Amino acid sequence: MQGGKGSILTVLKSIVQEVNQIPRLTDALFRLAARVKETMQVDSCSIYLADYTHQEFILKATDGLARDAVERVKIGFSEGLIGLVGQREEPLNIENAHQHPRFKHYPEVKEEHYNAFLGTPIIHQRKVLGVITMQQSAMRKFSEDEEAFLVTLAAQIALEISNAETRGALNPHAGMYVGNMQKNVRGVPGSPGLAMGVGYSPHAAYTLKTWVVKQSTNNQREIDFYRKGVEATRAQVEVLSDRLEGQVPDDVRAIFQLYHQLLDANSLGREVEAKIREGWDAASSLKLVVEAYAARFEAMEDPYMQERAIDIVDLSNRILLNILSEVKGKSVFERDRPQQPCILVAEEVSAPMLAEFPKAILAGIISIKGSNNSHAAILARAMGVPAVMGCQNVSPTLLEHKEILLDGYAGEVIVSPEKAIRAEFSQLIEEERLLSVRIDSEADKACETLDGCEISLMVNAGLSTELETATTSSKPIGIGLYRTEIPFMLRERFPSESEQVVLYRKILESAPDSEIAMRTLDVGGDKPLPYFPITEENPFLGWRGIRLTLDHPEIFLVQIRAMLRASIGLKNLSIMLPMISSVAEVNEARRLVEQAFFEVEEEARHQGVTLYRPRLGIMLEVPSVLYQLPQLAKKVDFFSVGSNDLTQYLLAVDRNNSRVASLYNTYHPAVLSALFDIVKQADQHHVPVSICGEIAGEPGGAVLLMGMGYRKLSMNAFNLRKINWVIRNVNLSEAQALLSRALTSDSYEEVYHHINQYLEKRGLGGLVRAGS
Ligand code: PEP
Ligand code: MG
């Protein structure tokens, strides 16, 4: 190969880019083989992919071996040099293939004249997906550079191949997805719950992505089509936004304002009309302009801006449908919508799409793009519809009309399930329904163990108190964590002090006799503010939570004052500080809280009303504070354990990174020991402690925490009744015994085993058994 390091990289990049753009995997692999052969100046390059059902590698593409051997040559996993590369999971570089003891002759490939052999496994997430080889007639060993090139290339193409594998594109018969075969697809949990239905993709018929550009000479007519399309879209967005009124919080509806702004943007219209004047028809002009815009947004590192690309594309797809309706003189929106419950599937599920969908038949949501933090997930949770986000390995059209099972807890989707799986899933849904009826009927019973230990349950809120407490209990319930960042994230600027007062007052008044712990702004990390972009190499270790707000006392003070003003006349406000990692941060925050208190107290005095002093607490979620609890105990009124972050920081695992998702687990015995240690120290120093991480809302987690000594658990409203039921069916003494077993376990898997065994024994297995 020619050139230095720079050019190797460039060549690699260009090969991967080119190959990734080819839609059909088999075509892509042939192109890959050709490019490698040409670039490396070798005599052949071939790609074999693994078929795990038959335990063999199949020749999928080649440039240099006999072309008609493709799909015909099948090499057992333990056969020949290809099998050896797969078994050893490392490259094999030999001068003379024929002399190697593992060489096996496959006459169809016609490789007799080749001597030098270099084979590298293609591995994705520890799984061997195939082998790529280079061969040459010369008897020589390939150089280290050549070997490094092939290894790098194999690593880069592995993801694409894995995606294709999930899509079913590797099926030897069809080279494409086979409709009736069961497929399991992984995404990320977007909204909890189980759902079953038929896949429905609203805009599968016409999208900008699939639109083939066309020229037109009648500029004025096309401009007319475009303008009418925009006008119709504007009217539809208005209707959709109105339709959502009362169904979701106003903050969520604010998403529609963004759509209006996009429609109003002069620049989009100007650019599209300019394209029309260049000779493209209206739909093609829209495609050309929008795709360029979206690419620019998508390339930005800021996840918020990337999300905006989704908004632009969604809105433009709608404009496209309106343009086409104009062109055809009839609506192209109407598609036969299923009458039975369906799973809404889209490349990018958006807020209007959800609004438009009849709620009665909306069983679940699958979004190919997006994450737990995207607007669609926020909305899905607000509407109580199970959702799986980020299913990158499938395309909506493949799921259209397919039967789908969706597990919003685990972020899993099963397409075209086998009979037995479907039956099992229906059973689980039915069990879930029956259980929830039973649990609901006892929801108001006191939360107390069989041996009389009282546990206080609180709710984690943040989207809107009405929505999040409506499903919980007939009596008002305290809030153990109110996440204030969501209203900040859904706006176009920092909310003003008086806007915040209105919001916080509503929450404090929702349960005036119960404690409400409001957390100060915890943005940064994975929660960016659209109007306050932060670009960092390691956002979770960066400018996050209290670090950011202490650097901006003006933001912090406005928020604290708003909380205090909202609490005038009430006694239930607690203020909680996120991401505390040192005593100095508490001192500084306390000083600012005092300052705000005196300002607001003065104001209250003038009005003749009382301002009660709020309790000040800190989140325990950064490991350093575990070693400063005695000092911190003197400074604060309470502790609240943020086990979600504590897990990520103790285990050094990014909580949002799907690559290391299997390493992130709060039941890791080290994390459990830390949680146990916290409650022991807090008791010793007489500081009230509660826990508001996800573990508190899980059946096994709640039992373990109770065994440790936690008496206040705060959780997602969805889990409250379930945990109440669990607590009322267990014994404290048994929880303590279970805890001892968990703490001495080697792994979280072992902890799960003990938990499951115990819950089964107590008749609570249905809450944790696979899928239920
Ligand atoms: C936590 O870290 O456990 C927590 C409750 O806060 P958040 O999930 O908002 O970071
Ligand atoms: Mg946290």
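Note that this is a predicted model, so its numbers are computed, not measured.

A. Inspection of the overall build of the chain at higher detail. A count of helical and extended segments in the chain gives 26 helices and 22 strands. Counting all 772 residues of the chain, 56% fall into the buried class. Considering only contacts within the chain whose residues lie at least 6 apart along the sequence, 66% involve residues at least 24 apart. Here the chain displays about 33300 Å² of accessible surface, and carbon together with sulfur accounts for 51% of that area.

B. Empty space enclosed by the protein, seen in detail. With the rule as written, the count across this model stands at four cavities of 30 Å³ or more. Its volume calculated, the largest cavity comes out at about 120 Å³. Taken together, Y48, I75, G80, L81, I82, F103, K104, Y106, E111, F117, T133 and Q135 make up the full set of residues lining the largest cavity. With three residues, helix α3 (residues 80-88) is the largest single contributor of residues to the lining of the largest cavity. In the lining of the largest cavity, the residues fall into seven nonpolar, three polar and two charged.

C. Structural context of the packing of aromatic side chains. For the structure on display, the rule yields nine aromatic pairs. On the numbers, 5.3 Å between centres and 50° between planes, the contact of Y667 with Y752 is tilted. Of this pair, Y667 sits in the loop between α21 (643-651) and α22 (669-684) while Y752 sits in helix α26 (residues 748-761); the two residues are 85 residues apart in sequence, bridging distant segments of the chain. The class for Y667 is buried, based on a relative accessible area of 6%. Linked through ring pairs, F488, F494, F532 and W543 together constitute an aromatic cluster.

D. Expanded view of the sheet that holds strand β4 (residues 92-94). The strand order across the open sheet built from six strands is β3-β2-β1-β6-β5-β4, with neighbouring strands paired in antiparallel fashion. Strand pairing shows two members of the sheet lacking a second neighbour, β3 (74-76) and β4, which therefore form its edges. When strand polarity is set aside, the average angle formed by the axes of neighbouring strands in this sheet is 20°. Taken together, the nine bridges between strand β5 (residues 116-124) and strand β6 (residues 127-136) define a ladder with antiparallel strand orientation.

E. View of the coordination of the magnesium ion (ligand 2). Donor atoms from the polypeptide that coordinate the magnesium ion (ligand 2) comprise E621 (OE) and D645 (OD), at 2.0 to 2.1 Å from the metal. On the criterion of sequence distance, the pair formed by E621 in the loop between β19 (615-620) and α20 (629-633) and D645 in helix α21 is long-range, its members being 24 residues apart.

F. Region of interest: the packing of α21 against α22. Relative to each other, α21 and α22 sit at 125°, their axes nearing to 10 Å. Here α21 is positioned oblique relative to α22, judged by the angle of their axes. Note that α21 runs across α22; the crossing there is right-handed. Seen from α21, the contacting residues are S643, L646, T647, L650 and L651; seen from α22, they are A670, V671, A674, L675 and I678. Residues that form the contact of α21 with α22 fall into these classes: eight nonpolar, two polar and no charged.

G. Inspection of the sheet that holds strand β13 (residues 403-407) at higher detail. Taking strand neighbours across the sheet as the criterion, the eight strands line up as β7-β14-β13-β9-β10-β11-β12-β8 in an open arrangement whose pairing is mixed. Looking along the sheet, the strands with just one partner apiece sit at the ends: β7 (183-186) and β8 (188-191). Each neighbouring strand pair of the sheet contributes to a mean axis angle of 30°, computed without reference to strand direction. Looking at chain direction, strand β9 (residues 194-200) and strand β10 (residues 342-346) are connected through three bridges and run parallel. Across the sheet, residue G199 finds its bridge partner in β10, namely I343.

H. Quick look at the pattern of salt bridges. Applying the stated criterion across every chain yields a total of 32 salt bridges. Close ionic contact of E291 with K287 constitutes a salt bridge, the shortest N to O distance being 3.5 Å. Separated by four residues within a single helix, E291 and K287 lie in helix α8 (residues 282-298), roughly one turn from each other. Accessibility expressed as a relative area gives 36% for E291, which makes it partly exposed.

I. Here's a closer look at the packing of helix α25 (residues 732-743) against α26. The interhelical angle for the contact between α25 and α26, taken along N-to-C directions, is 160°, at an axis separation of 9 Å. Taken together, the axis directions place α25 and α26 in an arrangement best described as roughly antiparallel. For the element pair α25 and α26, the recorded crossing hand is right-handed. Counted together, E734, L738, R741 and A742 of α25 and V751, H754, I755, Y758 and K761 of α26 form the full contact between these two elements. Tallied by class, the residues present in the contact of α25 with α26 amount to five nonpolar, one polar and three charged.

J. α3, seen in detail. Judged by how many residues are buried, α3 sits mostly within the fold: seven of nine residues are covered. For α3, the set of buried residues is G80, L81, I82, G83, L84, V85 and G86. In this structure, the buried residues of α3 make contact with β1 (44-51), β2 (56-63), β3, β4, β5 and β6. A positive phi of about 55° marks E89, the residue just after α3.

K. View of the site of ligand 1. Near ligand 1 lie 15 residues; those nearest to it are R483, R519, G642, N644 and R655. R519 places a polar side-chain atom, nitrogen or oxygen, 2.8 Å from an oxygen atom of ligand 1. Here an oxygen atom of ligand 1 and a backbone polar atom of N644 are 2.7 Å apart. Among the elements of the structure, β16 (479-483) and α21 are those that each provide at least two residues to the shell around ligand 1. Element by element, the count of residues in the shell around ligand 1 is highest for α21, at three residues. The residue inventory of the shell around ligand 1, partitioned by class, reads three nonpolar, four polar and eight charged.

L. Spotlight on the pairing of strand β11 (residues 362-367). Among the six residues that make up β11, five are buried, leaving the element largely enclosed by the rest of the structure. Pairing analysis gives five bridges linking β10 to β11, with the strands arranged parallel. Each bridged residue has a counterpart across the sheet, and for V345 the counterpart in β11 is I366. With two bridges joining them, β11 and strand β12 (residues 387-389) adopt parallel strand pairing. Counted as the bridge partner of I365 is A387 from β12.

M. Quick look at the side chain of S191. Turning to its location among the elements, S191 is positioned in strand β8. Of the residues examined, S191 reaches a relative accessible area of 3% and is grouped as buried. Reaching out from S191, the side chain makes a polar contact with the backbone oxygen of V385 at a distance of 2.8 Å.

N. Quick peek at the state of the cysteines. The final tally for this structure, using the stated rule, is zero disulfides. C447 carries a free sulfur, and the closest cysteine sulfur to it, the one in C453, is 8.9 Å from it.

O. Highlighting the nonpolar core. With 112 residues, the main nonpolar core has F639, L675, Y710 and L713 as its most contacted residues. Counting residues per element, this core draws most heavily on helix α19 (residues 583-607), at nine residues. Every residue in contact with L713, bar those within four places of it in the chain, is listed here: I455, S456, L457, M458, I691, A696, A702, L705 and I723. Membership of the second largest hydrophobic core comes to 57 residues, among which are A69, V73, V85 and F149.

Thresholds applied
Residues numbered from 1 in each chain as written. Chains lettered and ligands numbered in written order. Predicted model: local features only at pLDDT ≥ 70, side-chain atom pairs only at ≥ 80, totals over all residues. Heavy atoms only, no water. Helix = DSSP H or I, 4+ residues; strand = E, 2+ residues; numbered from the N terminus. Buried < 20%, exposed > 50% of the residue type's maximum accessible area, 1.4 Å probe, protein only. Contact = heavy atoms within 4.5 Å. Areas by Shrake-Rupley, 256 points an atom, 1.4 Å probe, with all protein chains shown as cover. 1 Å grid on protein atoms, 1.4 Å probe; cavity = no way out; pocket = protein on both sides within 12 Å on 5 of 7 lines; lining within 4 Å. Points joined across faces, edges and corners; volume = space filled by probe spheres on them. Nonpolar A, V, L, I, M, F, W, Y, C, P; charged D, E, K, R; others polar. Phe/Tyr/Trp six-rings, centres within 6.5 Å; stacked < 30°, edge-to-face > 60°. Pairing = 2+ DSSP bridges. Axes fitted to C-alpha atoms, helices over the stretch in contact; angles between N-to-C directions. Donors = N, O, S within 2.8 Å, 3.2 Å for Na, K, Ca; no water. Parallel < 35°, antiparallel > 145°, perpendicular 65-115°, else oblique. Left-handed = near helix turned anticlockwise from the far one by under 90°. Salt bridge = Lys/Arg side-chain N within 4 Å of Asp/Glu carboxyl O. Near = heavy atom within 4 Å. Polar contact = N/O pair within 3.5 Å; in protein donor to acceptor, adjacent residues only side chain to side chain. Disulfide = S-S within 2.5 Å. Core = buried A, V, L, I, M, F, W, Y, C linked by side-chain atoms within 4.5 Å.

That's the geometry; what it means functionally is another story.
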